[in-house]
Amino acid sequence: MSITGLNGTGQRRPTMKEVAARAGVALKTVSRVVNEEPNVSPELTAKVQAAIKDLNYTPNESARMLRRGKTGTIAVVIRDIGDPFFASLGRAVELWARSSGSVVMIGLTDEDPERERDVCLEFVARRPDALIMAPIGETQEYLAPHVDAGMAVVTIDRPAHGIEADAVLADNAGGIDQAIDHLVRQGHRRIAYLGDDERIFTARERVVAYRAAMARHRIDVDEDLVHLSEPTTEGIGITLSAVLDRPEAATAILSANNMTTAEVLRGMAGRRDRVALVSFDDLALGDLLSPGLTAVAQSADVMARTAIQLMTERLPEPHRPGRTVRVPVKLTIRGSGEIPPRS
C-alpha cells in the first residue's frame, strides 16, 4: 500500500492548497511563506502561519530543497567505522548535520579503490550537496562531472587527485619529527618504524618523514627495522619478532597509526616496560595502560570541523580553487616513550 500523502499517524497530510483556502490567500502566498521568501506582508504571513498550525500542515522538505537546487544531504566516505579516528570523524559530521537540519549518508571503502569508486558513485547518484571523503584510489577523476555540476568535495586525511577539492590533512611530517626527536632525546638510535601500506597517502608521508628525521639526527636507517603492511595480529606478531628478537634489536618502536599500535601493544605483552613505544595516533584508553601510551595525537574533531567549514564555504562557490589546511598535532607524554635503551 502506498503511503504517499499520509502523515506520521496514517492520516491524509493537508495540502498547501488547503492551507491557502483556510487562510483566504493565494496559493503562491502560502508557498512564499513556507519557503521564507521576502515580499509577504506581516498580516498575510500571520494568516498563513495560523492556518498551518490549525491544519497541522508539514511542508514537503524534499520537494522544497529540490526547488532550491539542494537536497540537504551530505555524503561521507571513509575507511572503516571500526577505526577510532574515522569513527570520530563520522560522528563529528553527523552531529553538525543534526544541528543544521541535514542528513548524512556514510559509506566505507575498506581501503579498496574499486569499493571507493562504487560507493562514491552510488552516493552522488542521490544528488548530495557535498561529499566528504578519505580517498584511497590513485584518482578521483570519476567524480569530475559531479564536481563540474556544483557538488562540493572536501577530502580528509588524504588529498584528492583529478578533481578540484579542498583537503584537511594532519601535519604528518611534524608529528613524526616530534616522535623521533623525543626518542632520540631518551638516548635511542635503533628506532623501528612500523607503518601501514604505502598505497595510503598518510603512510607514505609518515615513512618519508621518518627517514628524513633519522637523517637529520645523523642516524643510519636499518631497513630491517622498517616494516610497512596492513596491521593484522599475525603480521604484527611476526614483525615484532623480526625487530626485537635479533642481536641488534630495536630499543624503540615508532608505530605510525592507531590500528598498528593496538596490535603492537597486544604483541608486546610482557615486555612493554623494556622497549620504548611512541604511537602516531592516540588510543582512547592510552592513559590507562601501564606504562601510559606516549602518542602523537591528531584531533579528529578539529579535522571534521575544519572540513565542515571548508564545505560550507565551497557550497556557494563550487568552482573556486581547492584549499589545503594542515591541522597541527601534539606529542602527549605518558611513559611508554620515555623508557631508556637497554645497554
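Residues numbered from 1 in each chain as written. Predicted model: local features only at pLDDT ≥ 70, side-chain atom pairs only at ≥ 80, totals over all residues. Heavy atoms only, no water.

With an unreviewed UniProt entry as reference, the protein is termed LacI family DNA-binding transcriptional regulator, source organism Kribbella alba.

Peer 1: Would you take a moment to explain the overall build of the protein for this structure?
Peer 2: Of the regular secondary structure elements, the protein holds 12 helices and 12 strands. Radius of gyration (C-alpha) of the protein: 26 Å, far over the 20 Å computed for a compact globule of 343 residues. Counting only C-alpha atoms and orienting by the principal axes, one finds that the protein spans roughly 90 × 40 × 40 Å. A separation of at least 24 residues holds for 65% of the contacts in the protein among residues at least 6 apart in sequence. With an accessible surface of roughly 17,000 Å², the protein has 51% of that area assigned to carbon and sulfur atoms. If you average the places of the 42 positive and of the 47 negative side-chain charges in the protein, the two averages end up 7 Å apart. (Helix = DSSP H or I, 4+ residues; strand = E, 2+ residues; numbered from the N terminus. Rg over C-alpha atoms; globule rule 2.2 N^0.38 Å. Contact = heavy atoms within 4.5 Å. Areas by Shrake-Rupley, 256 points an atom, 1.4 Å probe, with all protein chains shown as cover. Lys, Arg positive; Asp, Glu negative; His and termini not counted. Charge placed at Lys NZ, Arg CZ, Asp CG, Glu CD.)

Peer 1: Can you help me understand the sheet that holds strand 12 (residues 330–332) in this one?
Peer 2: Strand pairing in a sheet relies on backbone hydrogen bonds. The paired strands run either parallel or antiparallel. The mixed open sheet is built from 6 strands, whose spatial order is 7-6-8-9-10-12. With one partner strand each, in any of the chains shown, strand 7 (226–228) and strand 12 form the two edges of the open sheet. For this sheet, the mean angle separating the axes of adjacent strands, direction not counted, is 15°. Together, strand 6 (191–195), strand 8 (252–255) and strand 9 (276–280) form the strand contacts of helix 11 (residues 258–267), whose direction differs from that of strand 9 by roughly 155°. (Pairing = 2+ DSSP bridges. Axes fitted to C-alpha atoms, helices over the stretch in contact; angles between N-to-C directions.)

Peer 1: Any chance you could explain a negative patch on the surface here in plain terms?
Peer 2: Among the surface-exposed residues, Asp-110, Asp-112, Glu-114 and Asp-118 lie close enough to one another that they form a single negatively charged patch. Among the secondary structure elements, Asp-112 is positioned in the loop between strand 2 (103–108) and helix 6 (113–124). (Patch = residues over 30% accessible without salt bridge, like charges linked within 9 Å, V, L, I, M, F, W, Y side chains within 5 Å. Salt bridge = Lys/Arg side-chain N within 4 Å of Asp/Glu carboxyl O.)

Peer 1: Where do I start with the sheet that holds strand 4 (residues 152–156) in this structure?
Peer 2: Taken in spatial order, the 6 strands line up as 2-1-3-4-5-11 in an open sheet, and their pairing is parallel. Each of the sheet's edge strands pairs with one partner strand only, and the pair in question is strand 2 and strand 11 (324–327). On average, each strand axis in the sheet is tilted by 15° relative to the strand beside it, whichever way the strands run.

Peer 1: Whenever I open this one, the pairing of strand 4 confuses me. Can you help?
Peer 2: The side chains of a regular strand alternate between the sheet's two faces. Most of strand 4 is tucked away, with 5 of its 5 residues classed as buried. Side chains Ala-152, Val-154 and Ile-156 of strand 4 all project onto a buried face; the interleaved residues Val-153 and Thr-155 project onto the opposite face, where all are buried too. Note: strand 3 (residues 130–133) against strand 4, 4 bridges, orientation parallel. Its bridge partner being in strand 4, Ala-130 is matched across the sheet by Ala-152. As paired elements, strand 4 and strand 5 (residues 166–170) share 3 bridges and run parallel to each other. What sits directly across from Thr-155, in strand 5, is Ala-167. (Buried < 20%, exposed > 50% of the residue type's maximum accessible area, 1.4 Å probe, protein only.)

Peer 1: Is there a simple way to explain helix 9 (residues 201–216) in this structure?
Peer 2: Along an α-helix, residues three or four apart share an orientation, since each turn contains 3.6 residues. Taking 1.5 Å per residue as the helical rise, helix 9 with its 16 residues ought to reach 22 Å, and the 23 Å between its terminal C-alpha atoms agrees with that figure. Within helix 9, the full set of buried residues consists of Phe-201, Thr-202, Ala-203, Arg-206, Val-207, Ala-209, Tyr-210, Ala-213 and Met-214. Directly beyond the C-terminal end of helix 9, a positive phi value near 55° is found at Arg-218. (Expected span 1.5 Å × (residues − 1).)

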